Amino acid sequence: MKTFFKTPKLTTQRLVTLAMLVALAFIIGKFSVTIIPKQLVVSVAFVVNTVIGMIGGPVWSFITFAVFDVVDNLSSGAGNFIIWWTLMEAVQGFFYGYFFYGKALQWQSKKDWLHVTLATVVIMLIGTFIFTPLLIQIYFGTPIVAQYIAGRWLKIFEIPIRIIVTMALLPQLQRIPELRKLMGLSK
């Protein structure tokens, strides 16, 4: 059966690397800045998420993001685990893997800038602008319109920052031979 996306083999090295990245994402996530409680949070965790996508591909990133969300929720002690947030995170993981696994990026390439822009817009559209406001409305009763009036629209300014940071960091990280191997790229 032919698939539309590449699925790397789950080796011990890949599994351990993904586990370490989950731990790193957990730590970096604790340093996020809450602007509007339960609505608008700014974090640099997207860099780790992108590396998870680069290494895991769509399938393993989907699973990794789901596991991370469950572990993060259980360790926070908040007690408001909602499966739909886990599913939303997993879908975002799928798209990180879809866009970044096996994709070598170069700062000078306009095509790569367009690729990262498309990936960032799709991932943020799904998670930040559609499903998060919908889930907040369903579970916390805050209307979507009120969320955008209160400041969710400010996340639009995060898009160019994510694109620039991604294009500045990933080509440098992709120089690491072991990372290239895990990404499915030749030397």
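About the cut-offs
- Residues numbered from 1 in each chain as written.
- Predicted model: local features only at pLDDT ≥ 70, side-chain atom pairs only at ≥ 80, totals over all residues.
- Heavy atoms only, no water.
- Helix = DSSP H or I, 4+ residues; strand = E, 2+ residues; numbered from the N terminus.
- Rg over C-alpha atoms; globule rule 2.2 N^0.38 Å.
- Contact = heavy atoms within 4.5 Å.
- Core = buried A, V, L, I, M, F, W, Y, C linked by side-chain atoms within 4.5 Å.
- Buried < 20%, exposed > 50% of the residue type's maximum accessible area, 1.4 Å probe, protein only.
- Salt bridge = Lys/Arg side-chain N within 4 Å of Asp/Glu carboxyl O.
- UniProt positions renumbered as here; feature names shortened; annotations may be inferred.
- 1 Å grid on protein atoms, 1.4 Å probe; cavity = no way out; pocket = protein on both sides within 12 Å on 5 of 7 lines; lining within 4 Å.
- Points joined across faces, edges and corners; volume = space filled by probe spheres on them.
- Nonpolar A, V, L, I, M, F, W, Y, C, P; charged D, E, K, R; others polar.

Per an unreviewed UniProt entry, the protein carries the name Folate family ECF transporter S component and comes from Streptococcus hillyeri.

Colleague: Provide a residue-level description of the overall build of the protein, including the pertinent values.
Modeller: Per the secondary structure count, the protein includes 7 helices and 2 strands. Sequence-ordered secondary structure for the protein, helices as α and strands as β, is α-β-β-α-α-α-α-α-α. By the compact-globule yardstick of 16 Å for 187 residues, the protein fits well, its C-alpha radius of gyration being 17 Å. Contacts in the protein between residues at least 24 apart in sequence constitute 72% of all its contacts with a sequence separation of at least 6.

Colleague: Can you tell me about the nonpolar core, naming the residues and giving the values?
Modeller: Side chains that are nonpolar tend, in soluble globular proteins, to be buried together. By size, the foremost hydrophobic cluster in this structure holds 30 residues, and its most contacted members are M54, I55 and F100. At the level of secondary structure, the elements contributing two or more residues to this core comprise α1 (12-29), α2 (45-76), α3 (83-100), α4 (110-140), α6 (158-173) and α7 (177-183). When neighbours within four sequence positions are excluded, M54 is seen to be in contact with F100, Y101, G102, L170, Q174, L179, L182 and M183. The next biggest cluster of nonpolar side chains, apart from the first, holds 5 residues, and it includes I82, W85, M88 and L135.

Colleague: A description of the pattern of salt bridges should follow, citing residues and the corresponding values.
Modeller: Under the criterion given, the structure shown has 4 salt bridges. Ionic pairing is found between D112 and K103, a salt bridge with its closest N-O pair at 3.1 Å. Residue classification places D112 among the buried positions, given a relative accessible area of 6%. Among the salt bridges present, the one from K155 reaches E158, with a minimum N-O distance of 2.8 Å. For the pair K155 and E158, one class covers both residues: buried. When salt bridges that share partners are traced, they join K155, E158 and R162 into one network.

Colleague: Break down the UniProt feature "transmembrane region" (unreviewed entry) in the protein for me, with residues and values.
Modeller: Sequence positions flagged by UniProt for "transmembrane region" (unreviewed entry) are, in local numbering, residues 15-33, 40-62, 82-101 and 113-140. The straight-line gap between the two end C-alpha atoms of residues 82-101 is 28 Å; of that span, 90% is helix and 0% is strand. A helix fraction of 100% and a strand fraction of 0% characterise residues 113-140, whose end C-alpha atoms lie 37 Å from each other.

Colleague: So, the environment of K103: which residues are in play, and what are the values?
Modeller: For K103, the position within the fold is in the loop between α3 and α4. Counting along the chain gives 69 residues from K103 to Q172, while the straight-line C-alpha distance between them is 13 Å. Leaving out residues up to four positions away in the same chain, K103 has contacts with D112, H115, Q174, M183 and L185.

Colleague: Before we move on, can you summarise empty space enclosed by the protein with the specific residues and values?
Modeller: Following the criterion strictly, the structure yields 1 cavity of 30 Å³ or more and no others. Here the largest cavity defines a volume of roughly 50 Å³. Every residue along the wall of the largest cavity is listed here: F46, T50, Y96, F100, A119, T120, I123, R162 and T166. Elements with a minimum of two residues in the lining of the largest cavity: α2, α3, α4 and α6. Of the residues forming the lining of the largest cavity, the biggest block, 3 residues, is contributed by α4. In terms of residue class, the lining of the largest cavity is built from 5 nonpolar, 3 polar and 1 charged.

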